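Residue-level structure breakdown
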Amino acid sequence: MIPGRNRARLGWIDAAVLTAALAAVAYVVYRVDSVLEYRWDWSVIPHFLYRWDDEAQRWIPNLLMRGFFTTIRLALLSLIPAALFGAVFGVMRTAGRLLPRLLSRTYVELIRNIPPLVFIFIFYFFISSQIMPLLGVEDLVRGASPARLRSLELVFGPASLIPNVISGVICLAMFQGAYMTEIVRAGIQSIPGTQTEAGLSIGLSRWQLWRRVILPQAIRRVIPPLAGQFITLVKDSSILSLISIQELSFLAMETAVSTTRVFEVWITVAGLYFCLCYFLSLAFDRLEKRAAMART
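For every chain, the first residue of the written sequence is number 1, and numbering continues from 1 onward in sequence order. Only residues with pLDDT of at least 70 get local features here, since the model is predicted, and only at 80 or more are side-chain atom pairs given and counted; chain-wide, interface and lining totals rely on the full set of residues. Heavy atoms from the whole structure form the basis of all side-chain values; hydrogens and water molecules are not counted.

1. Some points on the overall build of the protein
Secondary structure elements follow DSSP: runs of H or I no shorter than four residues count as helices, runs of E no shorter than two count as strands, and numbering proceeds from the N terminus. Check the secondary structure of the protein and you find 12 helices and two strands. Listing every helix and strand of the protein by position from the N terminus yields α-α-β-β-α-α-α-α-α-α-α-α-α-α. The reference for a compact globule is 2.2 Å times residues^0.38; the radius of gyration itself is calculated from the C-alpha atoms. Relative to the compact-globule value of 19 Å for 296 residues, the protein shows a C-alpha radius of gyration of 24 Å, a clear excess of over 25%. We call a residue buried when its accessible area falls under 20% of the maximum for its residue type, exposed when it is over 50%, and partly exposed in between, using a 1.4 Å probe and counting protein chains only. Sorting the 296 residues of the protein into buried and exposed places 35% on the buried side. Considering only contacts in the protein between residues 6 or more positions apart, those separated by 24 or more positions represent 72%. Only heavy atoms matter for contacts: two residues are in contact if any of them lie within 4.5 Å across the pair.

2. Thoughts on the packing of helix α3 (residues 63–93) against helix α10 (residues 206–236)
Between N-to-C directions, angles span 0 to 180 degrees; the directions come from axes that are lines fitted to C-alpha atoms, helices contributing only their stretch in contact. Two elements in contact, α3 and α10, have axes whose closest approach is 11 Å; the angle formed by their N-to-C orientations is 145 degrees. Of the two elements, α3 crosses α10, and the hand of that crossing is right-handed. Here Thr-71, Ala-75, Leu-76, Ser-78, Leu-79, Ala-82 and Val-91 of α3 come into contact with α10, specifically with Trp-210, Phe-230, Leu-233 and Val-234. Split into classes, the residues belonging to the contact of α3 with α10 amount to nine nonpolar, two polar and no charged. Put simply, a crossing is left-handed when the front helix is turned counterclockwise from the back one by less than a right angle, and right-handed when it is turned clockwise. Note on residue classes: Ala, Val, Leu, Ile, Met, Phe, Trp, Tyr, Cys and Pro are nonpolar, Asp, Glu, Lys and Arg are charged, and everything else, Gly too, is polar.

3. Side note on the pattern of salt bridges
We count a salt bridge whenever a side-chain nitrogen from Lys or Arg sits within 4 Å of a carboxyl oxygen from Asp or Glu. One pass over the structure, following the stated rule, counts six salt bridges. The closest approach of N and O atoms between Arg-93 and Glu-182, which form a salt bridge, is 3.0 Å. Separated by 89 residues along the polypeptide, Arg-93 in helix α3 and Glu-182 in helix α8 (residues 162–189) bring together distant segments of the chain. For Arg-93, a relative accessible area of 15% corresponds to the buried category. Exposure remark for Glu-182: the relative accessible area of 14% places this residue in the buried category. The salt bridge partner of Lys-289 is Asp-285, with a shortest N-O separation of 3.5 Å. Of this pair, Lys-289 and Asp-285 both sit in helix α12 (residues 262–295), separated by four residues, roughly a single helical turn.

4. Let's talk about the side chain of Ser-237
Topologically, Ser-237 is positioned in the loop between α10 and α11 (248–259). By relative accessible area, Ser-237 is classed as buried at 0%. Apart from the residues lying within four places of it in its own chain, the contact partners of Ser-237 are Thr-71, Leu-172 and Glu-247.

5. A few points about the packing of aromatic side chains
Here is the rule: rings of Phe, Tyr and Trp (six-membered ring for Trp) pair when centre to centre is within 6.5 Å. Planes less than 30 degrees apart are stacked, more than 60 are edge-to-face, and the remainder are tilted. In this structure the tally under the stated criterion is 14 aromatic pairs. When the centroid spacing of 5.9 Å and the interplanar angle of 45 degrees are considered together, the rings of Trp-40 and Phe-263 count as tilted. Placement of the pair is Trp-40 in the loop between α1 (12–35) and α2 (45–49) and Phe-263 in helix α12, with a sequence separation of 223 residues. Assessed through its relative accessible area of 34%, Trp-40 is described here as partly exposed. Here a set of aromatic residues connected by ring pairs shows up, and it is made of Phe-119, Phe-123, Phe-175 and Tyr-179.

6. Structural notes on helix α5 (residues 116–135)
Here, expected helix span is obtained from the residue count minus one, scaled by 1.5 Å. With 20 residues, α5 extends only 24 Å from end C-alpha to end C-alpha; this falls clearly short of the ideal 28 Å at 1.5 Å per step. Buried residues along α5 sit in contact with α4 (98–112), α6 (137–142) and α8. At the C-terminal side of α5, Gly-136 shows a positive phi close to 70 degrees.

Right under this line is the structure:
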C-alpha cells in the first residue's frame, strides 16, 4: 500500500446506488421484453463478424468487422490533419494581429455552428468535387501499378472508394480541427502572461519564447482534452456513411436490412464502438499518468 493513499472502499451508499442502478436496468430489460413484440435471434451476428473462407482456409472479417477496421482507419487518417488544423488555427487564435485571429475565428465559428451532416454534405458535393480533380486522385488510382495500388488499398481501403475516403478524411479533419483549435487556444492562454514578460526581459526572441517556454507547457495541458477529442473523432466518423464510405455504421445498416435483425445488429455495433472508445480512454489515461510520473 502506498503511504498517504486511501484504499478504495465500497460504502453502504455506494452499494445502495449500485443496487438501484441494477434494478433500473433489470426493469428496463423486462419492460422491453414484455412490451416490444420482437423475436430476438443472435445466431446471425457471429457470421457477420467473421466467416470461414474455404479458399484461404481461415477465418476472415465479414461485414461488421470490416466496417469496424475501416472506422479505425478513418480515425487514424483524420487524426494528423485534424491536429494540424487545430495547432495552426489555435496559434492563430492567440496571435497579436487581427487578420490571423479573424481567419481562425471564422473557421471555428463556421464549422462549430453547422450540423455535421449538413457540413459533410456541402463539403463533399460542392467543395470536394472541385478539389479531387485538382489533386488528380482518380488519375493516380487508375494509373497506379499493382504494387502501388495494393499499398493505397492498405491505407485507404478499396480502390473504387479512395476519392471518397480522402474527401471524408479531409472533411472529418476540418470538423474536428475546429474543436481542437479551441483546445489549443485555451492551453496557450492558460500560460501566465508573467512568463512571457520574464522571457522577453532576459533577451529571448519571440520564437525562442514560444519554443522553450510556452509550447512545452501548453502541450502538456492540452494532451488530455485532445485525447478525449480523438475519441469523439472515432464516434463522429459514422457521419461519413452519408458519402457511401463503408465504415461500421454504413455496413451495419446494410446488415440490418439484409437480416431483418435490426436490434441485434445495432446493439452489436454499439458494443463495438464502446469497446474501441473504452480501450482508447484507458490507453490515454495510462499515457497521461506516465507523463505525469515523468515530470515528477
